[in-house]
Each structure stands twice: as structure tokens, then as C-alpha cells.
Amino acid sequence: MAPEPPPSDPQKRPSVVFDAPDLSVDGEHVSDAEIRFFVDNGFLVKKRLLDPDALAAALERIWAYLLEELPPAEGTAPPVPDDPTTWISPRWAPMPAVRKSGPYQGRQRIFHSGRTVKLHDIGDADYLLDLVPNNPRVRQVVRVLLGDDLKPSTRTRGIYAVFPQAGADGSCGDDDLRRALGPHTDQVCQQLNACVYLDDVPPRNGGFTLYPGSHRIMFRAHRLESNWSPLASFRTALHRVVAEIEPCELVGAAGDVIFWHGRMVHSTGIHVGNRVRWALFADFAHDRATLDLREHKRLGQFEWFKDVKLFAEDLPVGDDMWRGWKLGA
Ligand SMILES: O=C(O)CCC(=O)C(=O)O
Ligand SMILES: [Fe+2]
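Since we're looking at a predicted model, the values are computed, not measured.

Notes on the pairing of strand β9 (residues 257-261)
A regular strand places its side chains so that they alternate between the two faces of the sheet.
Then step 1. Counting buried residues in β9 gives 5 out of 5 residues, a clear majority hidden from the surface.
Then step 2. Neither face of β9 is exposed, since Val257, Phe259 and His261 on one face and Ile258 and Trp260 on the opposite face are all buried.
Then step 3. Both strand β2 (residues 43-46) and β9 contribute to a ladder of 4 bridges, which runs antiparallel. Looking at β9, one finds that Leu44 is bridged to Phe259.
Then step 4. Bridge analysis of strand β6 (residues 192-197) against β9 gives 5 bridges, and the strand direction is antiparallel.

Here's the deal with the sheet that holds strand β7 (residues 209-210)
Then step 1. The mixed open sheet is built from 4 strands, whose spatial order is β1-β8-β7-β10. The open sheet has two free edges, formed respectively by β1 (16-18) and β10 (266-267), since each of these has just one partner strand.
Then step 2. Here β7 runs beside β10; their pairing, made up of 2 bridges, is antiparallel. Bridging from a neighbouring strand, Thr209 pairs with Ser267 of β10.

Let's talk about the pattern of salt bridges
Then step 1. One pass over the full model with this rule turns up 16 salt bridges.
Then step 2. Linking Glu246 and Arg13 is a salt bridge whose minimum nitrogen-to-oxygen distance equals 3.0 Å. Residue Glu246 is located in the loop between α7 (234-244) and β8 (248-250), and its partner Arg13 is located in the segment before β1; the two are separated by 233 residues in the primary sequence.
Then step 3. A relative accessible area of 47% places Arg13 in the partly exposed class.
Then step 4. The closest approach of N and O atoms between Asp307 and Lys151, which form a salt bridge, is 3.3 Å.

Each value, and the rule that gives it
- Residues numbered from 1 in each chain as written.
- Chains lettered and ligands numbered in written order.
- Predicted model: local features only at pLDDT ≥ 70, side-chain atom pairs only at ≥ 80, totals over all residues.
- Heavy atoms only, no water.
- Buried < 20%, exposed > 50% of the residue type's maximum accessible area, 1.4 Å probe, protein only.
- Helix = DSSP H or I, 4+ residues; strand = E, 2+ residues; numbered from the N terminus.
- Pairing = 2+ DSSP bridges.
- Salt bridge = Lys/Arg side-chain N within 4 Å of Asp/Glu carboxyl O.

Any link to function would need more than the numbers given here.
Dropping the structure here:
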């Protein structure tokens, strides 16, 4: 259940368009400067980490999948992959009702709302597992940050597309733009996540938007280190983040991978551009015993489209939020 969006501060810019610095060092999987940046800000961008040819091939398959599985609304034409003029405000046939039981309980296999399409059920395709969570270049970064003992990846959350919208020409005011943000934290189990750009993401084109440093505040608003376990202070902490921290909209190129701490406050970015924002989301966690699916349903934490599950035993939040992390080669 997503918390309602906190009130926004009219004095603050809706978000800052941010081109993350390249702090990499030749020959090192993750440099000391990158580790420091991650610890301080809660995220790290590894630029063009993925192979462009593999990405282009994947995006072609993703388009084909979307067009095959997601029928357009009656009387409308579907978007055409190589014709950007057809990408604006596509409309889709109504979703089936969300299932109340079974393997897809709680979320449609393909979810759409407004300009957003979430292709969850494609998330376990082998070519996407190879492209991101099982990609040695990605896994190497995760191992340096989180540790070597990682849960084997069996799925990603899938592909999250944000389509351009008719009339969104960049001329809206800050208030409209601010209202377009939906700052929140994710649930179930949160250690380290990745957002991968499958195509270039120019300014104000839906770039993943993060509240730098919010991982430290939100970590302390939970009872447990990784499992969803909000304290009574959770809502106040979220409001404080939104009131005090200027969010960063991450612009980037196809193949950029944003690694982000699981307690970060984040949002889909403002989109007044004319391209589709194509991203893949993936989750990483230590390889530890987890609760079974029935327990997840009982706790209201059943999210079949996420790879990571609630730890059977999780540590209470203590002084050192990096206990259990490796943060080094
Ligand atoms: O698509 C995005 O940029 C963010 C999506 C997100 O935060 C979520 O689905 O929890
Ligand atoms: Fe989220």
C-alpha cells in the first residue's frame, strides 16, 4: 500500500535535473570515490555499464512483447516502435481485475495507469536476467557494495515504460511538475536495487528521481534493517525528506545502471518530453532464509513481481546502517 504523497514545499524546485558524475577508475569494479558517493547519497550511477547491442536487441523484443500482450483501447491505434509521433498518450484496453488469490495476487501481470506501463510478467525472461541481474558487470558492482553472498536472481520487477503525454510541452509551472512526483519507499525486503535505462533519458523525460541522503533518514524510520517494518515515525520521516531534500532526476544514456539503497525515497520522474522512458528494475539481497509466500500474503507483503522476499530473521536497526554490507573490493 503506497503512502499518500506528502505535502510539497512551494519554495523548492520540483526536482533538479542531475547528470551523475563519473567517479569510476579504470581497472576497478567500484572505486573508493564511488563507494563514498553511494554511502553518502544512497545511490551510484555506473554509466554505460551494459552492452549497447544487447540493449538494442532487448528493447526490440520488449516492444514486440508490449504490442502483442497489451491491446490498445477500442478504436485507437497502438504505438509504432520506430515512429515517435505515435508514442504520445497511447491508450490501452482496460486491465483485467486484480486477482485476489493465486500466483498473481495483488498486481496485474501487465499494469497500466495513465502514461505508465509496467510489464511485470516479462521480468523473469532469460534474456532480461542475462542482461541485468546475472550480467557479470552488474553483479560485480552488487558484490562490492552488498557482499559476495547474494541470493541467486530468478526475476526482475520487469520493464517500466513512461510514455510521453499530449500537451506536455515543458510549459507547465513548478506546481504542476511537483504534483507529478510521487515520492515513496518500496516495501517487502529492501537492500539494494537497480534501475537500468534501456534507452537514452534526456532531461524531463521521466528519469528515475531520487532524494539523496534519504536512505539514512528512512532506514531509521523502520524497526528492522531490510524487511518492511515502518515505525510510527515513518510518515513524519517521509514528510521531512520531501520537505528538506531537493530530489535529483537522473538523466542518462542507454546502458546506465543506477544502483540505489532500498530505503531511498524515490519517484518516477517528471515527463514533459517526447520519448518513452524505458527502464528495468531489479532487486538484490543477501542469500538468507526467507518467509514463504503464504506468510507474505498474510502480512500484506506479497509482491510476486519482486525477486527478493522478507527475511525470516532480520536484524533490528542499530547504530551502524552498513552492518552486513561489504562496501569494498
Ligand atoms: O518507474 C519509476 O521511475 C519508478 C517506479 C517505482 O518507484 C515503483 O514502481 O515502485
Ligand atoms: Fe518505488
